[in-house]
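# Chain and residue survey
Here's the letter readout for the chains.
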Amino acid sequence: MASTVLFFLFAGFAIACAISMVYHKNPLYSAISLVGVFIALSCIYVTLAAPFIAAVQILIYAGAIMVLVVFVIMLLNLDEDKPLNRLRYLYAVGGGLGLILLVQTFFIFYAVMRAPQQSVDVEQTAGKTLSIGQAMYTEYLLPVEIVGVLLLMAIIGGVILVRRLEPGQLRLVVNEELDRRNEEQEKDDFRVAL
Amino acid sequence: MESALKTAFPFIVYSVGILLAFQGVLMIVAYTVLAERKVLGWIQGRIGPNRVGPWGVLQPFADLLKFIFKEDIVPDKSTRFVYFLAPLVALTCALLPIVVYPFGPRIADPLGWLVPYVTDWPTLGPAISWIAEQARNMPLTIAQIDVGVLFVLGITSVGVYGIALAGWSSNSKYSLMGGLRSSAQMISYELAMGASVLGVVMLAGTLDLNGIIHAQITSPFRWYIIPQFIGFVVFLIAAFAETNRVPFDLPEAETELVAGFHTEYSALKFALFFMAEYVNMFTVSVMCTVLFLGGWYVPGLSHIFEPGSIPYALVSHVAFIGKICAFLFFYIWVRGTLPRFRFDQLMNFGWKFLLPLALANVIVTIFVVYLLNS
């Protein structure tokens, strides 16, 4: 009873925040709304007896990723209410995708109705830290390692893209390389011309 | 009626617990402000506030009244909604971790002594006996969750929004600079802080705050300040940066930024930011105490009182608050002693010294834990 009420409370909050995220033209309002969605979702995870996932959801998504997004928005300080006429055709695409999502949602409702009823046992250990750790480092070791390598690559890529080459000047390594090749090409052309 | 009351009983207990804990923490925070002014006064050869009440003890209430009755100025060009939201976010995120603080050990039978006196009473007697029965093995924590450490770190990391949004929505260059500095600083030092906590979590084998205390309970030499001394130092330094305190109070450096992110805030909204800062100080002091100083554990106390008895819990609770107050005093002491960093020094220190140190500590701890367990 209480969990149902809480679920509808948090689910409603999440949906309201999601709509507000899409609706607002000011990117900072959208970012704040997205934080609201994350917090509502993490509350739902708590009611589903998965406190670890809830805490990680807040710590990583709301606390780290969205802070960076807000940081970038604040740095850029975009103007409000820019006319977006050139994106008109996207309304049709968005409508189509939304329709597919709606059909999927109803299909999930249908599947859940058909499935035998199962109540969530609050005492079960599925969402506990220990069981998640054990599953990650035994059953799902390979995916974890692959994701780790992928994240490492992303970090190295990020570092290389913004590496400081000369004091006081940010340049892309790619540009540097292109400049070097252009120079070589010019030298070669010069030699050919000679 | 009776069954309805019995159903509502847990909610009443939780409400009372939350009320008591929040009130207690806010009182400690209010007197931290007074203590700060007093101690700073002594460090600088002054007396400090001594007009309101004897020895200035009513100063926090006078300050609060002043905050309430000051003119509330809202800048014309501010983004209204976000401008009002920011202080609320800051204070809410500062107060929320209170629900997982382990204020003391479990009490085996807190109301058992009352039962013999009231059994003869007509209606109240059975009710009190029933409540005493329910109160058996009472924890002195509001919410016993499995991932207390992550909860505290997560909620405090959401607190950055309060400051960042305040800086952005005020529409003032000083506020924006303060907000940007603060977000950058908190993101940077959060990493070092999380990494320094990892060592303790690995040694204790749990993320539960009470579990971490129980892992340190055997003797004071098991307090993690000894095996995790590097982690402790990193955590303490990162905590100064996370709470925007001297020597890392760049977001409100008054010589450069007027007052930083709260330049445009006045009256009660400024008071909310002010309270949030001090509640955050309290939070990191609690984390320091729980993670590195054994929380409420007093060495040798189990020889004097039986564990689980009321005096044991009381002395433990007082010891817990005492350890926190020692950390709060350390904060004030540092504020009275050290000058402020420059921003590039702060960033270099965080990324190039503190984070590698914390990561090295984690790696060494991994090997030690592995060797001890194998």
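Residues numbered from 1 in each chain as written. Chains lettered and ligands numbered in written order. Predicted model: local features only at pLDDT ≥ 70, side-chain atom pairs only at ≥ 80, totals over all residues.

Bringing helix α12 (residues 267–292) of chain B into the picture now. Residues and elements named next belong to chain B. Here α12 contains 26 residues, and its C-alpha end-to-end distance of 38 Å stays within 8% of the 38 Å for a straight helix at 1.5 Å per residue. A large share of α12 lies buried, amounting to 21 of its 26 residues. Just past α12, the residue G294 takes up positive phi, approximately 75°. (Helix = DSSP H or I, 4+ residues; strand = E, 2+ residues; numbered from the N terminus. Expected span 1.5 Å × (residues − 1). Buried ≥ 20, exposed ≤ 12 C-beta atoms within 10 Å, placed from the backbone.)

We now examine the domain arrangement of chain B. Structurally, chain B comprises domain 1 (73–105 + 141–373) and domain 2 (109–139). Each of domain 1 of chain B and domain 2 of chain B has a C-alpha centre, and these two points are 39 Å apart. (Domains from an automatic or database assignment.)

Take the interface of chain A and chain B next. Counting residues at the interface gives 18 residues for chain A, matched by 20 residues for chain B. For the side of chain A that touches chain B, the secondary-structure elements that each account for two or more residues are α2 (27–47) and α3 (51–76) of chain A. Here the side of chain A that touches chain B gets 14 residues from one element, more than from any other, and that element is α3 of chain A. Along the lines of polarity and charge, the residues of the side of chain A that touches chain B split into 15 nonpolar, two polar and one charged. (Contact = placed C-beta atoms within 7 Å. Nonpolar A, V, L, I, M, F, W, Y, C, P; charged D, E, K, R; others polar.)

Further remarks concern helix α4 (residues 90–114) of chain A. Think of an α-helix as 3.6 residues a turn; residues three or four steps apart then line up on the same face. Its 25 residues place the ends of α4 of chain A 36 Å apart at the C-alpha level, agreeing with the 36 Å of an ideal helix rising 1.5 Å per residue. Summarising burial for α4 of chain A: zero of the 25 residues are buried, a small minority.

For the rest of this paragraph, the subject is the packing of helix α8 (residues 173–204) of chain B against helix α10 (residues 229–242) of chain B. All names here are of chain B. Between α8 and α10, the least distance of the axes is 8 Å, while the angle of their chain directions is 155°. Classified by the angle their axes make, α8 and α10 are roughly antiparallel. In the crossing of α8 with α10, the sense of the turn from one axis to the other is left-handed. Contact with α8, carried on its side by Q185, M186, Y189, E190, A192, M193, S196, V197, G199 and V200, involves G231, V234, F235, A238, A239, A241 and E242 of α10 and no other residues of that element. (Axes fitted to C-alpha atoms, helices over the stretch in contact; angles between N-to-C directions. Parallel < 35°, antiparallel > 145°, perpendicular 65-115°, else oblique. Left-handed = near helix turned anticlockwise from the far one by under 90°.)

Residue and element names in this part refer to chain B. A90 and A238 are the most contacted members of the largest nonpolar core, which has 118 residues in total. It is α12 that provides the largest number of residues to this core, a total of 15 residues. Discounting chain neighbours no more than four positions away, the residues touching A238 are Y189, A192, M193, S196 and L354. (Core = buried A, V, L, I, M, F, W, Y, C linked by C-beta atoms within 7 Å.)

Take the environment of L6 of chain A next. Residue and element names in this part refer to chain A. Structurally, L6 can be placed in helix α1 (residues 2–23). The exposure class assigned to L6 is partly exposed, which follows from the 14 C-beta atoms found within 10 Å. Each C-alpha atom of the pair L6 and T47 lies 7.8 Å from the other, and the pair is 41 residues apart in sequence.

Residue and element names in this part refer to chain B. Residues other than glycine seldom take positive phi values, yet N244 does so here, at roughly 55°. Along the polypeptide, N244 turns up in the loop between α10 and α11 (254–257). Under the C-beta neighbour-count criterion, N244 is labelled buried, with 22 such atoms within 10 Å. The phi torsion at A267 lies on the positive side, around 50°, for a residue other than glycine. Within the fold, A267 resides in helix α12.

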